[in-house]
Amino acid sequence: MMHINPIKLITLLILTFLLCSYSSTSAQVRELGIRASGLENFGFIYKKEQKPNSYQRFRIGRINLAWRDLGEESSLATALGFAIGFEKRKAINDELYLIHGFEPSMILALSTNSRNLIYDIQPGLGYVLGFQYSFSEKFYINIESIPSINLIIRGTKGSSPVYTGNLGFNSNAVSITAAYRIVSNS
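1. Overview of unusual backbone geometry
Logical step 1: For N53, which is not glycine, the phi dihedral falls at a positive 60°.
Logical step 2: We classify N53 as partly exposed; its relative accessible area is 35%.

2. What about the packing of aromatic side chains?
Logical step 1: Under the definition given, this model contains four aromatic pairs.
Logical step 2: Residues Y133 and F135 carry aromatic rings whose centres are separated by 5.0 Å and whose planes lie at 80° to one another, so their mutual orientation is edge-to-face.
Logical step 3: Among the aromatic side chains, those forming a connected cluster through ring pairs are Y133, F135 and F139.
Logical step 4: The aromatic ring of Y55 is capped on one face by R89, whose charged end is 3.7 Å from the ring centroid.
Logical step 5: Lying across the ring of Y140, R89 places its NZ or CZ 5.6 Å from the centre.

3. Observations regarding the confidence of the model for the chain
Logical step 1: Of the residues in the chain, 79% reach a pLDDT of 70 or more, and the chain-wide mean stands at 82.
Logical step 2: Within the chain, the lowest mean pLDDT, 58, falls on helix α1 (residues 6-21), and the highest, 95, falls on strand β7 (residues 139-145).

4. A look at the nonpolar core
Logical step 1: Ranked by size, the top nonpolar core spans six residues in total: F82, M106, L108, Y119, I121 and I153.
Logical step 2: When residues of this core are traced back to their parent elements, those giving at least two are β5 (96-113) and β6 (117-134).

What counts, and at which threshold
Residues numbered from 1 in each chain as written. Predicted model: local features only at pLDDT ≥ 70, side-chain atom pairs only at ≥ 80, totals over all residues. Heavy atoms only, no water. Buried < 20%, exposed > 50% of the residue type's maximum accessible area, 1.4 Å probe, protein only. Phe/Tyr/Trp six-rings, centres within 6.5 Å; stacked < 30°, edge-to-face > 60°. Lys NZ or Arg CZ within 6 Å of the ring centre and 35° of its normal. pLDDT = per-residue confidence, 0-100. Helix = DSSP H or I, 4+ residues; strand = E, 2+ residues; numbered from the N terminus. Core = buried A, V, L, I, M, F, W, Y, C linked by side-chain atoms within 4.5 Å.

Next comes the structure, spelled out in structure tokens:
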């Protein structure tokens with residue numbers, strides 16, 4: 001059975017994310033927004049136009065860092081979720097667009113205490129489905145859901161990982177984004 005070093009995998013995935021987000025493009029339109037799924041789940045999204053009505057998406061959410069001191073024992077937990085995807089827009093009218101496209105994602109989580117190191121690695125592939133309404137040239141909101149399939153790799157230091165899968169479409173996972181569009185003249 002293959003043993004996965006979680007620290008090396010996390011480092012490789014973060015470097016891949018940074019390299020993909022730095023891709024050279026002559027995009028004239030960039031968008032920055034805040035994305036919410038419910039009242040306790042917020043994230044950020046950045047989009048850059050690749051060609052008319054075709055955008056590359058960079059999404060960061062599920063950021064968590066928790067430390068607890070319980071006297072003789074303390075624990076530390078951290079998690080990071082991110083996605084890099086591609087979004088296409090189809091005009092329904094001048095203000096309303098259908099948005100759709102593939103979005104690979106990754107959730108990385110580590111927790112440790114005096115006895116154990118536990119890791120979760122969750123690669124996934126989702127498909128963005130939603131609508132975008134433009135209030136003006138500079139501001140829009142959208143509502144979307146991302147049905148996805150995920151592989152969950154869970155393990156502890158020194159033991160073989162456990163693999164599980166998840167296929168989900170959850171109507172509770174509808175997100176709303178408010179975004180600002182930056183149009184450059186270069």
